Amino acid sequence: MRRHVDIRYRPDGFEAKCLMCAEWHPLTLDYWYPKHGMVRCKACLRAYRAAWERGKRHDEAWAEGVRECRRVVYRANRTERLAKVQAWRANNRERIAAYMRGYRARRRAA
Ligand SMILES: [Zn+2]
């Protein structure tokens, strides 16, 4: 496993990519806990620790931590993501209709 995270620059500052949830977080103490390594973001560290406390070890705890972190990220982004998908659908009605016409034609031909 890699022992460091990817770093990128954005106009508001540097961001690091958590190895566990693969999300980019600003390089601040709100998201990272340098004392415990710059590998997982705080949410993932919490999830990983919780798994460890429940008696899960190594890979199992890691996998459990990843799942928990994904749940957190999913919950945090759910509304926004759904709104984006609905907006895209509303803006691309013609394109979707055209695709579906083509799809039905291909199915009929097969
Ligand atoms: Zn994370």
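As shown above, the structure is provided for reference.
Below: a short report on this structure.

What counts, and at which threshold
Residues numbered from 1 in each chain as written. Predicted model: local features only at pLDDT ≥ 70, side-chain atom pairs only at ≥ 80, totals over all residues. Axes fitted to C-alpha atoms, helices over the stretch in contact; angles between N-to-C directions. Helix = DSSP H or I, 4+ residues; strand = E, 2+ residues; numbered from the N terminus. Parallel < 35°, antiparallel > 145°, perpendicular 65-115°, else oblique. Left-handed = near helix turned anticlockwise from the far one by under 90°. Contact = placed C-beta atoms within 7 Å. Nonpolar A, V, L, I, M, F, W, Y, C, P; charged D, E, K, R; others polar. Buried ≥ 20, exposed ≤ 12 C-beta atoms within 10 Å, placed from the backbone. Pairing = 2+ DSSP bridges.

Considering the packing of helix 1 (residues 42-53) against helix 2 (residues 58-91)
Reasoning step 1: One can describe the packing of helix 1 onto helix 2 by two numbers: an axis separation of 8 Å at closest approach and a directional angle of 135 degrees. Of the possible angle classes, the one that applies to helix 1 and helix 2 is oblique. The chirality of how helix 1 crosses helix 2 is right-handed. Residues A43, C44, A47, Y48, A50, A51 and W52 of helix 1 lie in contact with helix 2, whose contacting residues are A61, W62, E64, G65, E68, C69 and V72.
Reasoning step 2: Residues belonging to the contact of helix 1 with helix 2 are distributed by class as follows: 11 nonpolar, 1 polar and 2 charged.

Things to note about the environment of R54
Reasoning step 1: Among the secondary structure elements, R54 is positioned in the loop between helix 1 and helix 2.
Reasoning step 2: Taking the C-alpha atoms as reference points, R54 and C69, separated by 15 residues in sequence, lie 16 Å from one another.

A few points about the pairing of strand 1 (residues 6-10)
Reasoning step 1: Across the 5 residues that make up strand 1, only a small minority, 0, are buried.
Reasoning step 2: Examined bridge by bridge, strand 1 and strand 2 (residues 13-17) share 5 bridges and lie antiparallel to one another. Opposite D6, over in strand 2, you have K17 as the bridge partner.
Reasoning step 3: Between strand 1 and strand 2, which follow one another and run antiparallel, lie 2 residues.

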